Amino acid sequence: MAAQEAMMGTPEFDDRFVRHYLRHVVALNVECDMPDGTRGRDVYSCFVLEMWGEWFLATSGHGLEKLRSGLPRLPNVACSLFDAWHPGASRFPIPFPLLDARTFAVDFDGLDLGLILLDELFRRGLQANGIVPFVESTWRKPPANMRLHAVIGFPEQFITRGPDATAVLPTFVYMNAVEAPPVMAKAFPRFYGKLPPQLVNPHTGATLTDMDGFSGSPIIGFNVKDDGQVSYFLVAIQSGWRSDLCVVAGPLLPAIADWLAKQIEQV
């Protein structure tokens, strides 16, 4: 599998491979006037998750809570969704009323989850641009013997902020599953992935020096059958990393689903 030979990939140089997985991913753009008079622009990594027959934008709980608590105090907030990953997609971001949306965020002891409900209007808009959700069959019971994992998101290092717009470079980073380092262990079940010591795109020589910006990104796993056929599964939500250990971590989707089901039963 070609992905095993690469440490980092981008759509421009790994077109078919990266764009296939980008169909699940959405950039949440947030703009607001800052106290110093400048126009602040941030990008949050999200992906579309289907659960209970509904579509949600899934991201990190700590990131969503930061937005929910901070944005109401700032003037002229504008949010949008960007999903134009294939050549025929509309390039115009979809205005999105984040402050009015139904949201859920939790962040404690390894459970780091943010959910934003997408109503039918936004669901249709994303579908028109080729976005599809991770359905339950891709995350409920992922295989235990997956040989390789990857996270796809929008690293801060590769975001370009212009006077009128923000550009992102979606990036795939490959890793191998490892046991939890003692200093990173949490009570909630999490995935831990070991990164290569250097994150380099072999086509361009571009080097990624940190994982800032990946919080809220999907961590997927690849299952290779004996006949060489490859399938992939949603494993976790990236929510933290240790640069000194080259290890990323995120809560496991099956454990998240079980936890949410228990919360609903208690209501």
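Anything mentioned here points back to the structure above.
Keep in mind that this is a model prediction, so the values were computed, not measured.

Within the open sheet, the seven strands sit side by side as 6-5-2-3-4-8-7. Their pairing is antiparallel. Looking along the sheet, the strands with just one partner apiece sit at the ends: strand 6 (94–95) and strand 7 (103–108). Relative to strand 5 (residues 78–82), strand 2 (residues 25–33) is paired through five bridges, and the arrangement is antiparallel. Bridge pairing in strand 5 places E31 opposite A78. On the sheet, helix 2 (residues 61–70) packs against strand 2, strand 3 (39–51), strand 4 (54–59), strand 7 and strand 8 (111–118) and is oriented at approximately 120° with respect to strand 7.

Below, the discussion takes up the environment of W55. Structurally, the position occupied by W55 is in strand 4. The spatial distance from the C-alpha of W55 to the C-alpha of I94 is 16 Å, given a sequence separation of 39 residues. In contact with W55, other than residues within four places in its own chain, are V48, L49, E50, I116, L117, L118, R123, L126, Q127, I131 and P133. Reaching out from W55, the side chain makes a polar contact with the side chain of E50 at a distance of 3.4 Å.

This next bit is on the pattern of salt bridges. Summed over all chains, the structure comprises 11 salt bridges. Note that D42 and R161 form a salt bridge whose closest N and O atoms lie 3.5 Å from each other. Taken together, the residues D42 in strand 3 and R161 in strand 10 (residues 160–161) connect sequence positions 119 residues apart. Under the relative-accessibility criterion, R161 is labelled partly exposed at 35%. Residues participating in the shared-partner salt-bridge network are E31, D33, R39 and R41.

The rules we used
Residues numbered from 1 in each chain as written. Predicted model: local features only at pLDDT ≥ 70, side-chain atom pairs only at ≥ 80, totals over all residues. Heavy atoms only, no water. Pairing = 2+ DSSP bridges. Helix = DSSP H or I, 4+ residues; strand = E, 2+ residues; numbered from the N terminus. Contact = heavy atoms within 4.5 Å. Axes fitted to C-alpha atoms, helices over the stretch in contact; angles between N-to-C directions. Polar contact = N/O pair within 3.5 Å; in protein donor to acceptor, adjacent residues only side chain to side chain. Salt bridge = Lys/Arg side-chain N within 4 Å of Asp/Glu carboxyl O. Buried < 20%, exposed > 50% of the residue type's maximum accessible area, 1.4 Å probe, protein only.

This is a description of form; function is not addressed.
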